[in-house]
Amino acid sequence: MRQEEFTHIDEHGDVMMVDVSSKPGTARSAKAVGYIIMKPATISLLEAGSMPKGNVLTTAKIAGIQAAKQTASLIPMCHQLALSWVDVGFSMQEDRILIEATARTREATGVEMEALMAVSTAALTIYDMCKAVDKEMEVGGIRLVAKRGGNSGATGFRPEKVGVLVMSDSVAGGRGSDRSGALLKEGLLQAGCSSVQLEIVPDDPAEITRAFQSLLDDGCQLVLTSGGTGLGPRDVTVETLTPRFTRRLPGVEQALFSWGQQKVRTAMLSRLAAGMVGPAMVILLPGSPSASSDALEVLIPAIFHAFPMIDGEGHR
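(A) Expanded view of the sheet that holds strand β6 (residues 195-201). If you trace the six strands from one edge of the open sheet to the other, you get β6-β5-β7-β10-β9-β8, paired in mixed fashion. Two strands in the sheet have a free side with no partner beyond their single neighbour: β6 and β8 (247-248). Where β8 lies against strand β9 (residues 273-277), two bridges are found, and the strand directions are antiparallel. Pairing of R248 across the sheet is with G275, part of β9.

Here it is in C-alpha cells:
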C-alpha cells in the first residue's frame, strides 16, 4: 500500500486526523464484545454480592458508558462524537464474565471505537474491583462484532455496470482535462462497482443523446452525468435528457440540493435532476469536481438500496 493511501498520514508521513466535514451525518451503531477470565470462586463472590469493593458490575457499566463518551480524549485521531446511546451488559459464566457494549450516534463517522472503549474500560474496572481477591484474572477477546451506518449500512448489492458521462466542450476538444468524471469513476469503483464506463462529449444535444443511449445499450444500470446543468447557453444536458425520464426521483434531487446549499449558496442555481429511464437510474450533476465529490458523499452507499427494488426484490 502506498503512503498516500493511508488516511491518517499526510504527504510528509506525519499523522493527521481524517477530515469528515464533507460527509453527511447518518445514523450509525456499533457493537463490541470481550471477556475477563477469573476464578470460579471470584464469580461466586460476585453473584453473591460479597466483593469487598461493592457492586462490581454496576460500577463497571457506568465506567464503560463514561469511557465511551471520553473516547476522543483518549484515542488521538478519533473524532468527538455526540453519542445518542451507550449500553454495557454482562453475562456470567463459570470462569469468566462476557461483556457486550453497544454505541449509537448520528454523525459523519463511525462509532466502533466508542463501543470498543466501553468494553475495554468495563473489563478493566472489573479487574480493579476484583484484584484484591483474584490475582490471576485475564482480559481478552475484545473485538467489534457489528457495525451499521455509513458505508457499511447499505445493501451489499452494487450495479454491475455504471456509466459516467461528462459534457464539456473544452475537455472533449482537448483544451482541458477531466477531473469531475474521473472523481465519479474512482468513487464508484471504490464503493464496489465492478465496471464503470467513462465517456466525454461536447455540450451538443446530438452527441449527448448518442453517448447516453450507448451507455444504456451497454446495460448500464446507473448513469451519472457531469456538466450542462447550469444557466449558460451551452448548458443543454437537462433539456436533452430529462424528457426521456419515465419517473422522476425528487428525493434524490432534494438530498443533492440540500447538501450542496449547506456548503455553497450558489448551488441553488444548479438545475441538477434525477430520474429513471426504464430500469436505469440517471442522475444529472453539475460539472465541477466539488459537485462530484459532494454527490458521492450523498449518494453512496444509500443509492444502491434502490437497485433490488428496481429488480422487483423489494427492500433488502
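Moving on from the model shown.
(B) How the structure looks around the sheet that holds strand β3 (residues 96-107). With respect to topology, four strands assemble into an open sheet ordered β2-β3-β1-β4, the strand pairing being antiparallel. Both outer strands of the open sheet, β2 (83-92) and β4 (138-148), are each paired with one neighbouring strand and no more. The mean angle between the axes of side-by-side strands here comes to 15°, regardless of whether they run parallel or antiparallel. As defined by bridge partners, β2 adjoins β3 across nine bridges and the pair is classed as antiparallel. For S91, the partnering residue across the bridge sits in β3 and is L98. On top of the sheet, helix α2 (residues 56-69) reaches β2 and β3; it is set at about 150° to β2, its chief contact.

(C) Local environment of the layout of surface pockets. The space that makes up the second largest pocket amounts to roughly 340 Å³. Residue lining of the second largest pocket: 18 residues in total, with A267, S270, P286, S288 and A291 positioned closest to the centre. When residues in the lining of the second largest pocket are grouped by element, the largest group, four residues, is from helix α10 (residues 289-299). When the residues that make up the lining of the second largest pocket are grouped by side-chain class, the tally is 10 nonpolar, seven polar and one charged.

(D) Layout of the packing of α2 against helix α4 (residues 112-130). The N-to-C vectors of α2 and α4 enclose an angle of 145°; their axes lie 7 Å apart at closest approach. Crossing of α2 against α4: the hand is right-handed. Only E114, M117, A118, T121, A122, T125, I126, M129 and C130 of α4 make contact with α2, whose side of the interface consists of V56, L57, T59, A60, A63, G64, A67 and A68. Taken together, the residues of the contact of α2 with α4 break down into 12 nonpolar, four polar and one charged.

(E) How the structure looks around the packing of aromatic side chains. Applying the stated criterion to the full structure yields zero aromatic pairs. Sitting over the ring of Y35, R96 keeps its end group 4.9 Å from the ring centre.

Rules and cut-offs
- Residues numbered from 1 in each chain as written.
- Predicted model: local features only at pLDDT ≥ 70, side-chain atom pairs only at ≥ 80, totals over all residues.
- Heavy atoms only, no water.
- Pairing = 2+ DSSP bridges.
- Helix = DSSP H or I, 4+ residues; strand = E, 2+ residues; numbered from the N terminus.
- Axes fitted to C-alpha atoms, helices over the stretch in contact; angles between N-to-C directions.
- Contact = heavy atoms within 4.5 Å.
- 1 Å grid on protein atoms, 1.4 Å probe; cavity = no way out; pocket = protein on both sides within 12 Å on 5 of 7 lines; lining within 4 Å.
- Points joined across faces, edges and corners; volume = space filled by probe spheres on them.
- Nonpolar A, V, L, I, M, F, W, Y, C, P; charged D, E, K, R; others polar.
- Left-handed = near helix turned anticlockwise from the far one by under 90°.
- Phe/Tyr/Trp six-rings, centres within 6.5 Å; stacked < 30°, edge-to-face > 60°.
- Lys NZ or Arg CZ within 6 Å of the ring centre and 35° of its normal.

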